[in-house]
Amino acid sequence: MKKVLTGLQPTGVITLGNYIGAIKQMIKYQNEYESYLFIADMHAITINQDKNELRKNIKSLLALYLACGIDPNKNIIYIQSDNEYHTNLSWILECNTYFGELSRMTQFKDKSSKNENFSAGLFTYPVLMAADILLYDIDYVPVGLDQKQHVELARDIAIRFNKKYGDIFKVPEPLLTKEGTKIMDLVDPTKKMSKSSINQKGVIRLLDNIDDIKKKILSATTDSDNKIYYDMENKPGISNLLNIYSVIKEIPVKELENKFKDYNYKDFKEEVADAVADLISNIQEKYYRLINSDILNEILDKGMDITRKQAKIKYEKVKEVVGLGR
């Protein structure tokens, strides 16, 4: 079975848009591939982090993904920093990566332009990302267009290393994620729902209070003609609510247009609010059951044991061909 790898930064925030656009796709992948899923806590510290918040977010993120449907029996789940071979390999790969390659990374240019005092880690973290991938002979890395460049760098490093030292690394392929249903901001439905939105009334987080979630949907921006049909250009608010309901209920939008053709906006919003509330209530129930249990540590310990054994074999092979050690 082909291997797929996904890294998750422990931000502690997952929106309804993240769930619909990304997590549901991950649930699909876990049934199609041998899936590696790691919490990228070392990538997180390329910018300053509060240590207590970071540690809390690691467990919270895992519990939330499990509550959303990520199956620990179908994924090898681990924390990046639990495995020292990631950073050990990263240093060797850095010595086989060119300064010019890293300076051309789009995300580095974007983030460094906003902060004069950026860390060296922000510059070199794409090489750590390459190590994350190459340690496990990964076939596919699911990415959006904004991350495709990093997988291409991992490919370039692997090909260069193999030419120099022999057939050591599998060359990974980017698995361009098909654009899931894009969920828009409830206040400004012309913009994608984002955790960093200025007006938080337009954003639904999976750990928000259920009553607050309903209020946000009931006050969502719509239009004045009181007709329910899909038209993202002229009726972005109604179209966004139709998309949300469609994905949750797994009913095509065309069928929903017929279902809701005689509804007024108030009744339509109430039905969408109830559907979202039911979904998120179920996720939250599972989350709060998991967050204080020993299951999370058991999953992470198992993942750490599996990946450290695999990574050690690959790292020792690299170390030998490079000429390190005794």
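Quick note: structure is the one above.
Summarised in this report is the structure supplied together with it. (Residues numbered from 1 in each chain as written. Predicted model: local features only at pLDDT ≥ 70, side-chain atom pairs only at ≥ 80, totals over all residues. Heavy atoms only, no water.)

1. What about the pattern of salt bridges?
The following threshold applies: Any Lys or Arg side-chain nitrogen found within 4 Å of a carboxyl oxygen on Asp or Glu counts as a salt bridge. Note on classification: 1.4 Å probe, protein chains only; a residue is buried when its accessible area is under 20% of the maximum for its type, exposed when over 50%, partly exposed between these limits.
Evaluation of the coordinates by the stated rule reveals 18 salt bridges. A salt bridge links Lys216 to Asp208; its shortest N-O distance comes to 3.2 Å. As far as the burial class goes, Lys216 and Asp208 line up, both buried. What emerges from the salt-bridge pattern is a single network uniting Lys2, Asp139 and Lys170.

2. What to know about the packing of helix α4 (residues 85–94) against helix α7 (residues 120–134)
Operational definition: Axis lines are fitted to C-alpha atoms, over the contacting stretch for helices. Their N-to-C directions set the angle, which ranges from 0 to 180 degrees. A run of DSSP states H or I qualifies as a helix once it reaches four residues; a run of E qualifies as a strand once it reaches two. Both are numbered from the N-terminal end. In this scheme, roughly parallel covers angles under 35 degrees and roughly antiparallel covers those over 145, while 65 to 115 is roughly perpendicular and the rest are oblique. A crossing counts as left-handed when the near helix is turned anticlockwise from the far one by less than a right angle, and as right-handed when that turn is clockwise. Between two residues, a contact is recorded if the distance between any of their heavy atoms is within 4.5 Å. Residue type decides the class: Asp, Glu, Lys and Arg count as charged, Ala, Val, Leu, Ile, Met, Phe, Trp, Tyr, Cys and Pro as nonpolar, and the leftover types, Gly among them, as polar.
Two numbers describe how α4 lies on α7: the axes approach to 8 Å, and their chain directions differ by 120°. One element, α4, and the other, α7, form an angle in the oblique class. Crossing of α4 over α7 shows right-handed handedness. Across from His86, Thr87, Leu89, Ser90, Leu93 and Glu94 in α4, the residues of α7 making contact are Thr124, Val127, Leu128, Ala130, Ala131, Asp132 and Leu134. When the residues that make up the contact of α4 with α7 are grouped by side-chain class, the tally is 7 nonpolar, 4 polar and 2 charged.

3. Focus: unusual backbone geometry
Notably, Asp137 is not glycine yet its phi reads approximately 50°, a positive angle. Tracing the backbone through its elements, the reader meets Asp137 in the loop between α7 and β4 (140–143). Notably, Asn226 is not glycine yet its phi reads approximately 60°, a positive angle. Considering the arrangement of structural elements, one finds Asn226 in the loop between α9 (210–218) and α10 (236–249). Relative accessible area serves as the criterion here: at 40%, Asn226 is assigned to the partly exposed category.

4. As for a negative patch on the surface
Note the threshold: Patch members must show over 30% relative accessible area and no salt bridge, and they are joined within 9 Å when carrying like charges or within 5 Å when they are nonpolar side chains of Val, Leu, Ile, Met, Phe, Trp or Tyr. Per-residue and other accessible areas were derived by the Shrake-Rupley procedure at a 1.4 Å probe size, with only the shown protein chains allowed to occlude residues. The charge count treats Lys and Arg as positive and Asp and Glu as negative. His and the chain ends do not count. The location of each charge is read from NZ of Lys, CZ of Arg, CG of Asp or CD of Glu.
Side chains of Asp294, Glu298, Asp301 and Asp305 sit close together on the surface and give a patch of like negative charge. Of the residues examined, Asp294 reaches a relative accessible area of 59% and is grouped as exposed.

5. As for α4
Applicable threshold: When we speak of the arc, we mean the arc of directions from the helix axis to the C-beta atoms.
Taken together, the buried positions of α4 are occupied by Tyr85, His86, Leu89, Ser90, Ile92 and Leu93. Projected onto a plane normal to the axis of α4, the buried residues spread over an arc of 165° and lie on a single side. Next to the buried residues of α4 lie β3 (75–79), α7, α8 (145–165) and α13 (295–322).

6. Describing helix α1 (residues 16–29)
Given 3.6 residues per helical turn, the α-helix brings residues three or four places apart onto the same face. This is how it is decided: What a helix is expected to span follows from its residue count: subtract one and scale by 1.5 Å.
The end-to-end C-alpha distance of α1 is 19 Å, a good match for the 20 Å that 14 residues give at a rise of 1.5 Å each. Along α1, the residues classified as buried are Leu16, Gly17, Tyr19, Ile20, Ile23, Gln25, Met26 and Tyr29.

7. Regarding the environment of Ile20
Inspection of the secondary structure assignment puts Ile20 in helix α1. Each C-alpha atom of the pair Ile20 and Thr181 lies 6.7 Å from the other, and the pair is 161 residues apart in sequence. Excluding residues that lie within four positions of it along the chain, Ile20 makes contacts with Thr181, Ile183 and Val247.

8. Looking at the packing of aromatic side chains
Definition in use: Stacked, tilted and edge-to-face are the three classes assigned to paired rings of Phe, Tyr and Trp, where Trp is represented by its six-membered ring and a pair needs centres within 6.5 Å; plane angles under 30 degrees give stacked, over 60 edge-to-face, the rest tilted. To sit over a ring, a charge needs its Lys NZ or Arg CZ within 6 Å of the ring centre and within 35 degrees of the ring normal.
Using the criterion set out here, one finds 13 aromatic pairs in the structure. Plain terms: the ring middles of Phe38 and Tyr78 are 5.7 Å apart, the flat faces sit at 25° to each other, and that makes the pair stacked. In this pair, Phe38 is assigned in strand β2 (residues 34–39) and Tyr78 in strand β3, connecting sequence segments 40 residues apart. When the ring of Phe161 is compared with that of Phe169, the centres are 5.1 Å apart and the planes differ by 55°; the resulting orientation is tilted. Both residues of the pair, Phe161 and Phe169, count as buried. One aromatic cluster in this structure is built from Tyr36, Phe38, Tyr78 and Tyr136. A cation sits over an aromatic face here: Lys235 above Tyr229, 4.9 Å from the ring centre.

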